[in-house]
Structures are given as C-alpha cells and as structure tokens.
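Notes for the structure review
Residues per chain are reported as follows:
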Amino acid sequence: MKILEDKSLKTTPIDTLGEFALIDHLTKDIKLENSSTILGIGDDASVIDKGDKYSLLSTDLLIEGVHFNLAYSPLMHLGYKSVAVNVSDICAMNGCAKQITVGLAVSNRFTIEALEELYEGIKLACKHYGVDLVGGDTSSSTSGLMISITVLGEVEKDIITYRSGAKINDLVVCTGDLGAAYLGLQLLNRENEIFKDNPTIQPDLGGNDYILKRQLKPEASVKYIKILKELNIIPTSMIDISDGLSSEALHISKASSVGLTIHEDKIPIDHTVMNLSAEFKINPIVCALNGGEDYELLFTVNQQHYDKLKKDPDFTIIGFVNDQSQGNNFIATDGSSHQLTAQGWDPIKK
Ligand code: ADP
Ligand code: MG
C-alpha cells in the first residue's frame, strides 16, 4: 500500500520520452545474473553463449493502427513482413535465424479465413528464410490485431557483429537502396485517402511495384550476410535500418563511441524512388534518412576491404567513421556540412 501511495502521486505521460529513452529508463538498473548471457538490452538481438556458437534472441511487435493499416496491408503480406523484420534483427548480428514463436492477439471481427491468410504469409516467410515456427500464444484483443514474434538465431562466435565495434577511419557501408519503403507508405496513404473520399475511384498504384513491395513485403538481408561471408568480410559494427539511416547511424555512433560522416551524394536511391518522390514533392534523401522500414543493413568495416566492396553492387560506401569529438555529420551534395540528427520513426514520441 505504501508503494501505491508514493507512486500514484506521479503521473508522467510516456510521450515525454522517446522510444529509446523510455527503454533506457525502464531497464537501466537491470543486472545480468547468468554467465551465459553475453549481451542483454541494447543491440538488435541479445546474445547467449551456447558453447560452440552464440544464440541470438530478439522480439518485434506489429500493432494494427500503429505499424500497419489493414485498409491496404494484405494479411498475407503482413504475415510475411512480421517474420522478415525479426529475421532482419538476426542478420544485423551477422547471424542466421533458426526458430520463431508467434504471439497473436485478435479481435472477433477477424474471420478464420483472414487468419489463414495471415498464416500463409508467416509460413511462406518461414520457408523462404529456413526458419521453423515452433510455438506462440493466442488471445482475443479489444483493439485490433497485434503480432509479436520472437526469433532465435545463431552465429559463429568469431563473426558476431555488434553495434559497438566501429573504429575510427572505418568505411560506412549500406546494402541495397534506401527510401523506397517510406515512399510506398506515402503512396498507399494517398490512395487510401482518395478511396475513402470516393469509393468508386480505384487506387492508382500502377508502375510502382518495387516501391510497394518494399513497404508491404520487405525482405531481411540474408543474402548480404551470405555475400559478406563469401567475401571474407567481418564488419566492425552493424545494425539493420528499420527507423531510417540517420537514426541507425546514431545508434552505431553511440554504441561505438565514434562519429559517423555520411555523404548525401553516395546514399543509394533507386530510380523509381527518385521519380515518385518528385511527384510527392519529397526529397528522396529525406526518405532515406528519416523514413525507415527499408530493412537494409548499415555497417562499418576496415578500409582493407575497400576494393572488394567497391566492386560489388550490393554494397555502397556512403561515408567513414571519425573521432567522437567530431560528431555525426551529413555532407550535402553542395559540400556543406550538417550535424546528423535522428528524426526517424518513433512510435512513442508525439
Ligand atoms: P530494433 O529496432 O533493432 O528492433 P529496438 O529499437 O526495438 O531494436 O530496441 C532497442 C533495444 O531495446 C533492443 O536491445 C531491445 O531488445 C530492447 N528493448 C526494446 N523494448 C524493450 C522492453 N520493453 N523491455 C526491455 N528491452 C527492450
Ligand atoms: Mg534492429
């Protein structure tokens, strides 16, 4: 009762903190008790010693109305995406996903057929990534659909890659291209608004297959992990790009106690993103920096690998690592230098 009396006086709204400050606030006093727990909170996955290898463990939550809108997210794609985003966190540790469990909260407006569709997507992704679905939990929900997936993966001890290993003068590299997923969301939102105003108008999504796929059915970077192995490259640090390039760069910066400098003219943008962003009057670089959900990898690597990376179109060198005192910098195409700030997607902050 004493505890209740004291605590009930204080009512701080959670949106006074952002997502990461809230996690820090709630977890800063947690002490790891088991010697097998190599790393707890703070990276893309936690790391557990399993003798010859490390196990990797991570959870991601997808909530209707926050992470997806069922007006334009087909349930099969949603099922696929919910697995892919979890596998992506295992890739970010340079590992390989092996098992998932699926937590599902569902309201009674869903039919069995609808949930079958969701599971078709989940099963398809499991097959694609070679992951076994080994359990979960199911409950009713009073406010829409919630999917919580936990993934278990593994990685050889000598190639595990944390957010914290970036070294001064390393190259900053990203995979694939950036900004498409955010633009896909803008496109779906626009067509949904038009449809709501006049349901006789059919959505105009033609010619934007790549951009829509990047939003609705993203892939985890399994293929890039494989290529890095083949090229004999172990990144010094790595993270998956779920909240936008700038936010992820700052995570590496903070975890590694270094600064990152990123060059605008090096950021890889697909030509379809260039074209559609002009139509939306959005700067495609802003989509890449602050958009999120691209699920590419951002990593740092020793300069000795420059030639191998330069030759491979899967990777783009976008900058370099500098001393922490020089901060995180964004060099615009006109040569001007700006401080890199995170305006990435935050589900908690207003
Ligand atoms: P990611 O974007 O890679 O999925 P998050 O930004 O969601 O990672 O989380 C950052 C870190 O905080 C991770 O190590 C994650 O495990 C941890 N974390 C997130 N939410 C919680 C929570 N409610 N309690 C404890 N740890 C959490
Ligand atoms: Mg991640």
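Keep in mind it's a predicted model, so treat the numbers as computed, not measured.

Taking strand neighbours across the sheet as the criterion, the six strands line up as 1-2-3-6-4-5 in an open arrangement whose pairing is mixed. Lying at the two open borders of the sheet, with one neighbouring strand each, are strand 1 (37-39) and strand 5 (132-140). Adjacent strand axes in the sheet meet at a mean angle of 20° when their direction is disregarded.

Our focus in this paragraph is the packing of helix 5 (residues 180-197) against helix 9 (residues 271-280). Close contact between helix 5 and helix 9 brings their axes to 10 Å; oriented N to C, the two are set at 45°. Judged on the interaxial angle alone, helix 9 and helix 5 are oblique. Relative to helix 9, helix 5 is oriented so that their crossing is left-handed. Facing Ala-180, Leu-183, Gln-186, Leu-187 and Arg-190 of helix 5, the residues of helix 9 in contact are Val-273, Leu-276, Ser-277, Glu-279 and Phe-280. Residues of the contact of helix 5 with helix 9, tallied by class, amount to six nonpolar, two polar and two charged.

With that settled, consider the site of ligand 1. Taken together, Glu-19, Phe-20, Ile-23, Thr-27, Ile-41, Gly-42, Asp-43, Asp-44, Asp-60, Asp-89, Arg-163 and Ser-242 make up all the residues around ligand 1. One of the backbone N or O atoms of Asp-43 is found 2.8 Å from an oxygen atom in ligand 1. Contact with the protein chains hides 63% of the accessible area of ligand 1, taken as 550 Å² for the molecule alone. When residues of the shell around ligand 1 are assigned to their parent elements, the largest contribution, four residues, is made by helix 2 (residues 19-27).

The next thing to look at is the domain arrangement of the protein. Parsing the protein into structural domains produces domain 1 (42-156) and domain 2 (171-339). A straight line from the C-alpha centre of domain 1 to that of domain 2 covers 22 Å. Contact residues are listed per partner, giving 22 residues for domain 1 and 22 residues for domain 2. Summed over the three residues of domain 1 that lose the most area to domain 2, namely Tyr-72, Lys-81 and Asn-94, the buried surface amounts to 34% of that side. Here Lys-81 and Glu-293 are joined by a salt bridge, their closest N and O atoms 2.9 Å apart. Counting every contact that joins domain 1 to domain 2 gives seven residue pairs in polar contact (both at pLDDT 80 or more). Of all elements in the fold, only helix 3 (75-91) and helix 4 (112-129) reach the threshold of two or more residues within the side of domain 1 that touches domain 2. The leading source of residues in the side of domain 1 that touches domain 2 is helix 3, at nine residues.

Here the structure, examined in full by the defined rule, presents three aromatic pairs. Residues Tyr-80 and Tyr-129 carry aromatic rings whose centres are separated by 6.1 Å and whose planes lie at 50° to one another, so their mutual orientation is tilted. Taken together, the positions of Tyr-80 in helix 3 and Tyr-129 in helix 4 put the pair 49 residues apart, joining distant regions of the chain. Given the relative accessible area of 3%, Tyr-80 is considered buried. Ring pairs connect the aromatic residues Tyr-224, Phe-299 and Phe-315, which therefore count as one cluster. Of note, Lys-217 hangs over the ring of Tyr-80, and the distance from its end group to the ring centre comes to 4.1 Å.

About the cut-offs
- Residues numbered from 1 in each chain as written.
- Chains lettered and ligands numbered in written order.
- Predicted model: local features only at pLDDT ≥ 70, side-chain atom pairs only at ≥ 80, totals over all residues.
- Heavy atoms only, no water.
- Pairing = 2+ DSSP bridges.
- Helix = DSSP H or I, 4+ residues; strand = E, 2+ residues; numbered from the N terminus.
- Axes fitted to C-alpha atoms, helices over the stretch in contact; angles between N-to-C directions.
- Parallel < 35°, antiparallel > 145°, perpendicular 65-115°, else oblique.
- Left-handed = near helix turned anticlockwise from the far one by under 90°.
- Contact = heavy atoms within 4.5 Å.
- Nonpolar A, V, L, I, M, F, W, Y, C, P; charged D, E, K, R; others polar.
- Near = heavy atom within 4 Å.
- Polar contact = N/O pair within 3.5 Å; in protein donor to acceptor, adjacent residues only side chain to side chain.
- Areas by Shrake-Rupley, 256 points an atom, 1.4 Å probe, with all protein chains shown as cover.
- Domains from an automatic or database assignment.
- Buried area = accessible area lost by both parts, 1.4 Å probe.
- Salt bridge = Lys/Arg side-chain N within 4 Å of Asp/Glu carboxyl O.
- Phe/Tyr/Trp six-rings, centres within 6.5 Å; stacked < 30°, edge-to-face > 60°.
- Buried < 20%, exposed > 50% of the residue type's maximum accessible area, 1.4 Å probe, protein only.
- Lys NZ or Arg CZ within 6 Å of the ring centre and 35° of its normal.

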